[in-house]
Amino acid sequence: MTGRVFTIHPGAPFLATLAEALLDGRLIAGRDYRHHPLDLADVSIYLPTRRAGAALRQAFRDAFGAGAAMLPRILSISDVLEAEDDLLAPEALDLPPVIAAAERRLMLARLVARWRERVASDQLLTPAGQPVVVPGSPAEALNLSADLLALLDQAELEGVDWSKLDALVPDDYAAWWQLSLNFLRIATEALPAAIAERGRIGAGPFHRAMVEATIARWQVRPPSGPVIIAGSTGSVPSTADLMSAVLSLSEGAVVLPGLDIAAPAETIAASVFDCAHPEHTMNKLVERFGVERESIGQLGEPEAAMAVRFDIVRRALVPAAVTDLWPQHAAVLDADPEGTDAALAGISLVVAANEAEEALAAAIALRQCLENPAARSILVTPDRTIIRRVVAELERFGIEVEDTAGQPLPQTSYGQLALLLVEAAAEDFPPVKVAAILGHPEARFGWTAARIRPAGRLIARKVLRGPRLAGGVPAISKALQALAEQAEAGGESTLLSDAIALASAFGDAMAPLVAAATLPAPTLVDFLDALRETLAHVTRRPEDDKDEPTRAERQLLSILDEHLRAPDAGLALTGADFAPVLRALIGNVLVLTPSRRARVMATGPIEARLLPTDRLVLVGLDEGVFPPVTDTGAWLSRPMRAGLGLSPPEVRIGLSAHDFSSALGAEDTVLIRSARRGGAPTVPTRFLQRLASLIGPARTEAMMARGDRFIDWARRLDDRTAVSRAQRPNPTPPVAARPRMLPVTDIETLIRDPYAIYAKRILKLRPLDSFGETPDFGTRGTLIHDVLADFAATWTAPWDEAAVAALIEFGRGRFSEALAAHPEVHALWWPRFQALARFIVLEFEAKRAPLARHPEIEGSMNVTDDFALTGRADRVDIEEDGRVTIIDFKTGRAPTAAQIAAQLTPQLPLEAVIARHGGFARLTSPREAAELVHVVLRGLEGRDEIESYTGHAPRGGDPVTLEETIAEAELRLRGLVRAYADPKRGYLSRARPFRKTDRGDYDHLARVIEWSIEDDGGEE
């Protein structure tokens, strides 16, 4: 080979060094571009990414200063693969057009679906009889197709011969892998044939053909000027082929990133077989080039400290086969302690307690660097979740971050809206999603934001909160119309009119999606067309709004159009399928958000080793994050990959090791890891463990000491002046503001938690209903109470089997109406009602013979001149002796006799007090109580029961009669009323809670958690 191989030391700025070397004639012999800048136009430079190309252009501008120059043709390596370096590339003209990604994926998804249908049932069982999970929905088929396409593209770039599939013995593998082999045989034959049938070519074969054609063209007609490939490790075989071809040119050069040209022979030999070594890939590449290590030139000289640091890292990451030399390496470091310490002085190690602290420490490290107005910093991590956390933390400082990978489309505002619309239509408009749509910043319906937002909030507050309405959007409009007719909006007539109009506009916008789901045989085309139409309605702006579409909007609409044009878009779907299918279609799409103002860049390790920075923050240095968990994919096991000749997954570990060592090439490097992730302890990345083992505990602690400042700042960032904890509230409102009337159900609350009465009756606060509340046990109790009350008031025949049948039929209509929007709840509650109906009729009513039954009877009495007690008894029966039985139906636990006697649950005794004073309107005169009855209705065989209270005889204590209990209840009631007539008496929070674990609606307002910790003398 007549060309030359170079490397740039990790401690030297890669792109600036590359530009200077080219200008000075060190890169291409005999070419001095510094004095002949116009000749640069003949030079072609290929870099791993387009962003690196933009940075190299800036490096050339900096090198020339104010002078004029023609810049080289700077392209990314993918431009060669995609024929983007020349619109009339002859290689591309000789090839069929590349099949669109959407068309290829849908084609393969249909193939996967048909494969699933044709697999024999006996093949879906393992030898042990366990079922084998295969794709059972269109979304699963699409996701599996994406994995398979990635595998096929990788195999194409690596030149894998799929005929080797026949050499793999299916019996050697588990049932899934046997199925996978069978399908791979189909996919590798049927898919290329189907693509060729359409006059297209796959992306993988096209890229491979472009590389081969480019190499062939260079051999016949070499480029007119120098060709340089820089910054690539050659991990992709097609790229390695291209690099070899460049070296065959008379003025070709390859510049490798951070190759250790001084590595001992035994290390180089071992690294070729050790995939986890940072230079495994590059050493194999150099071996393939056939160049002598001594002939590889090094461009740029790092500072002495950086050279020592790289030497330390190189020694720490030696192949496993030569780690026995570590004692010798440690001795070399100890021989020059000052030089070693100086080399490590720029490295800070941060060990955060958890992911939140890790992200905040990283944000602070990036923020501190920006104190220098000219400084720029880079955040590096392979974990997208970590990037999102750090970006969120930087927002508190008002710092904009440029994420070079882009934001996932489903996480953008427009992507979220599209998914919300599809999910809302598929799920019959759940209230929380309807509220999210109406409040979404992209949802405008042709209205101004000032008009739509209040109307949307009114719909959410008045209609969507509380029990879920059955009937979708029409039910929302109907509920708003009812509000208008009943004038319940209270001074919001204009706003209510807007809400009605907004609900109508929302229904019209969603109509295409709803209609698509009701088609006899809907397809992906139907749903994509409907979504496009719905999005157009929902996101329509007023005519005077000139805002341009966002990148996310343009990208999502482009994806929809691309799939609509695909011949296989006739994929059969149901309404429930479309939401997961849409998520599968856009889930891996990234929306780039370039920024010229951002001084912080979040990037991947490849770009980080090329771009200049004043501080590099490497986050996520834990096993499983950096390096990521090795994954063989869904289609091939590890032995199968080896049998086909695919590169092993461990190569990714070696590339991560190279990324780690390159990151330490930044003079100011901050390494951050978290001691726990997801609540579980973590293990430091093997690279960090190796480095710490080599340099020793003292130097590791010194790095941690430098990193502790970021942890300290993170932990103190939200510090504020210490304030005393809240005291238990005990408000004393004026007597005039205190309630003059309470129902019997509130008396127990007044005893147990007076503050709740203060908040409810004096402050007039009510808990805000949740969105689309699911019926709970309180709803069930109310429903059963109403059914029993109405039935008792109307049934006059004997209480026998006919009464059971009548009660069940009577309840059937009530249950169906009340639970129309919740069939799953109806399915649980209805059998239990049928069971308790038999108990009520045959075990309770049939054994009673009162003179009269009075269900849901209202009553009241004046306790003092200024206070009245009200109540509503579930039922009051008049017995033959003129006394009354007061009955309470319970669908939960009934109070014990001891609790009733102790006046802890005084509801029925107080209702007896009202009866004694003639307070029940339907009773002709005052009545004494014969008994207090709780009928416990659980709807479970043997669990329904009748508990009658006529007194209580405690062990070792004096018995209490019913008359004494009622008298005591009246006495305590009058004492309670007098007590709260005292202006000094406060409404104490949780004065006598039934259980410490009980939670009330107003506990957060009373700051119960805070003052209860203070009372317990504990720590938060």
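All values reported here derive from a predicted model rather than from experimental measurement. (Residues numbered from 1 in each chain as written. Predicted model: local features only at pLDDT ≥ 70, side-chain atom pairs only at ≥ 80, totals over all residues. Heavy atoms only, no water.)

What follows is about the overall build of the chain. Tallying secondary structure elements over the chain gives 38 helices and 24 strands in all. Against the compact-globule benchmark of 31 Å for 1020 residues, the chain has a radius of gyration of 38 Å, which places it well outside the compact range. With the principal axes as the frame, the chain shows a C-alpha extent of 120 × 70 × 70 Å. Here the analysis covers contacts within the chain between residues at least 6 apart in sequence; of these, 77% occur between residues at least 24 apart. Summed over its atoms, the accessible surface of the chain is roughly 46,800 Å², and 53% of this surface lies on carbon and sulfur atoms. (Helix = DSSP H or I, 4+ residues; strand = E, 2+ residues; numbered from the N terminus. Rg over C-alpha atoms; globule rule 2.2 N^0.38 Å. Contact = heavy atoms within 4.5 Å. Areas by Shrake-Rupley, 256 points an atom, 1.4 Å probe, with all protein chains shown as cover.)

This next bit is on the packing of aromatic side chains. Enumeration over the complete set of coordinates arrives at 16 aromatic pairs. Measuring from ring centre to ring centre gives 6.1 Å for Phe626 and Phe687, while their planes differ by 85°; the resulting arrangement is edge-to-face. Taken as a pair, Phe626 in the loop between β13 (615–619) and α26 (638–644) and Phe687 in helix α28 (residues 686–695) lie far apart in primary sequence, 61 residues in all. Accessibility expressed as a relative area gives 2% for Phe626, which makes it buried. Look at Phe710 and Trp713: their rings are 5.9 Å apart centre to centre, the planes differ by 80°, and that puts the pair in the edge-to-face class. Taken as a pair, Phe710 and Trp713 lie in helix α29 (residues 697–716) at a separation of three residues, close to a single helical turn. Above the face of the Trp447 ring, Arg451 is positioned so that its terminal group lies 3.8 Å from the ring centre. Lying across the ring of Phe771, Arg465 places its NZ or CZ 4.2 Å from the centre. (Phe/Tyr/Trp six-rings, centres within 6.5 Å; stacked < 30°, edge-to-face > 60°. Buried < 20%, exposed > 50% of the residue type's maximum accessible area, 1.4 Å probe, protein only. Lys NZ or Arg CZ within 6 Å of the ring centre and 35° of its normal.)

Once that is clear, we can look at the layout of surface pockets. Of the voids in this model, the second largest pocket is the one considered here, and its volume is about 1,800 Å³. For the second largest pocket, the lining is made up of 42 residues, of which Thr745, Glu748, Thr749, Lys890 and Gln907 are closest to its centre. Contributing elements (two or more residues each) for the lining of the second largest pocket: α30 (744–752), α31 (754–762), α32 (777–794), β19 (867–878), β20 (884–890) and α36 (907–916). In terms of residues, the lining of the second largest pocket owes the most to one element, α30, which gives six residues. Among the residues making up the lining of the second largest pocket, the classes are represented as twelve nonpolar, eleven polar and 19 charged. (1 Å grid on protein atoms, 1.4 Å probe; cavity = no way out; pocket = protein on both sides within 12 Å on 5 of 7 lines; lining within 4 Å. Points joined across faces, edges and corners; volume = space filled by probe spheres on them. Nonpolar A, V, L, I, M, F, W, Y, C, P; charged D, E, K, R; others polar.)

This next bit is on empty space enclosed by the protein. To locate leftover empty space, one rolls a probe as large as a water molecule over the atoms. Using the criterion set out here, one finds four cavities of 30 Å³ or more in the structure. Considering the residues around the largest cavity, the lining is formed by Asp260, Ala263, Thr267, His277, Pro278, Glu279, Phe310, Val313, Arg314, Leu317 and Ser661. Of all the elements, helix α12 (residues 304–316) adds the most residues to the lining of the largest cavity, at three residues. Residues belonging to the lining of the largest cavity are distributed by class as follows: five nonpolar, three polar and three charged. Of the voids in this model, the second largest cavity is the one considered here, and its volume is about 70 Å³. Forming the walls of the second largest cavity are Asp428, Phe429, Pro431, Val463, Leu464, Arg468, Leu469, Gly472 and Ile476. When contributions to the lining of the second largest cavity are tallied by element, the ones reaching two or more residues are α19 (449–464) and α20 (472–486).

All right, on to the confidence of the model for the chain then. Mean pLDDT over the chain works out to 86, with 93% of the residues at or above the 70 mark. Of the regions scoring below 50 in pLDDT, residues 84–88 engages in seven contacts with residues more than four places distant in sequence or in other chains. The model gives residues 1016–1020 a pLDDT under 50, and that stretch makes four contacts with residues more than four places away or in other chains. (pLDDT = per-residue confidence, 0-100.)

Next up on the list: the side chain of Arg677. As for its position among the elements, Arg677 is in strand β15 (residues 676–677). Within the structure, Arg677 has its side chain in polar contact with the side chain of Glu358 (distance 2.5 Å). Side chain to side chain, Arg677 and Asp622 meet in a polar contact 2.9 Å long. Once you skip the residues sitting within four places of it in the chain, Arg677 turns out to touch Glu355, Glu358, Ile386, Gly620, Asp622, Val625 and Thr682. (Polar contact = N/O pair within 3.5 Å; in protein donor to acceptor, adjacent residues only side chain to side chain.)

The next subject is the sheet that holds strand β1 (residues 4–8). Sheets are built from strands that pair by backbone hydrogen bonding, the pairs being arranged parallel or antiparallel. Pairing within the open sheet is parallel, and its six strands lie in the order β3-β2-β4-β5-β1-β6. If you trace the sheet from one side to the other, it starts and ends with β3 (73–76) and β6 (297–299), each paired once. On average, each strand axis in the sheet is inclined to that of its neighbour by 25°, with strand direction left out of account. Bridge count between strand β2 (residues 44–47) and β3: four bridges; the pairing is parallel. Following the sheet pairing, Tyr46 is matched in β3 by Leu75. (Pairing = 2+ DSSP bridges. Axes fitted to C-alpha atoms, helices over the stretch in contact; angles between N-to-C directions.)

Right, let's get into α30. Residues separated by three or four positions in an α-helix point in the same direction, a consequence of the helix having 3.6 residues per turn. For α30, every residue scored as buried is listed here: Val744, Asp746, Ile747, Leu750, Ile751 and Arg752. Check the buried side of α30 and you find it contacts β17 (741–743), α31, β19, α36 and α37 (962–980).

Now for the pattern of salt bridges. A full pass over the atoms with the stated rule returns 61 salt bridges. Asp568 is the salt-bridge partner of Arg110, the closest N and O atoms lying 3.8 Å from each other. Linking Arg110 in helix α5 (residues 101–118) with Asp568 in the loop between α23 (551–565) and α24 (575–586), this pair joins segments that are 458 residues apart in sequence. Salt bridges sharing common partners tie together Glu845, Arg848, Arg853, Arg875, Asp877, Glu879 and Glu931. (Salt bridge = Lys/Arg side-chain N within 4 Å of Asp/Glu carboxyl O.)

On to the sheet that holds β13, then. Taken together, six strands build an open sheet; the order of strands is β7-β14-β13-β8-β12-β9 and the sheet is parallel. Each edge of the open sheet carries a strand with a single partner, namely β7 (347–352) and β9 (401–403). Taken over all neighbouring pairs, the strand axes of this sheet differ in orientation by 20° on average, direction set aside. Examined bridge by bridge, β7 and strand β14 (residues 669–674) share six bridges and lie parallel to one another. By the bridge assignment, Val351 is partnered in β14 with Arg673.

As a packed pair, helix α6 (residues 138–157) and helix α8 (residues 203–220) sit with axes 8 Å apart at the nearest point and diverge in direction by 20°. With respect to each other, α6 and α8 are oriented roughly parallel. When the axes of α6 and α8 are compared, the crossing they make is right-handed. Each of Asp153, Glu156 and Leu157 in α6 lies in contact with α8, whose residues at this interface are Gly204, Pro205, His207 and Arg208. Grouping the amino acids of the contact of α6 with α8 by side-chain chemistry returns two nonpolar, two polar and three charged. (Parallel < 35°, antiparallel > 145°, perpendicular 65-115°, else oblique. Left-handed = near helix turned anticlockwise from the far one by under 90°.)

Let us look at the pairing of strand β12 (residues 600–603). Both faces of β12 are covered, namely the face carrying Val600 and Ala602 and the face carrying Met601 and Thr603. Sheet analysis places strand β8 (residues 377–380) next to β12, joined by four bridges and oriented parallel. Bridging from a neighbouring strand, Leu379 pairs with Ala602 of β12. Across three bridges, the pairing between β9 and β12 is parallel. Counterpart to Glu402 in the pairing with β12 is Met601.

This next bit is on the environment of Ala270. Take Ala270: it is sitting in helix α10 (residues 265–273). The spacing of Ala270 and Trp713 is 443 residues in sequence and 44 Å in space, taken between C-alpha atoms. Setting aside chain neighbours within four positions, we find Ala270 in contact with Pro319, Ala321 and Val322.

Let us now look at the pairing of strand β21 (residues 929–936). Across the eight residues of β21, eight count as buried, placing the element largely inside the fold. Pairing of β20 with β21 involves seven bridges; the strand directions are parallel. Residue Thr885 lies in a different strand from β21, and its bridge partner there is Glu931.

This part takes up unusual backbone geometry. Cis rather than trans, the peptide bond between Phe626 and Pro627 has omega equal to 5°. Secondary-structure assignment places Pro627 in the loop between β13 and α26. Its identity as a non-glycine residue notwithstanding, Phe445 has a phi of 55°, on the positive side.

Right, let's talk about the side chain of Asp260 for a bit. Examined against the element boundaries, Asp260 turns out to sit in the loop between β5 (252–257) and α10. Judged by relative accessible area, Asp260 falls into the buried class, the value being 6%.

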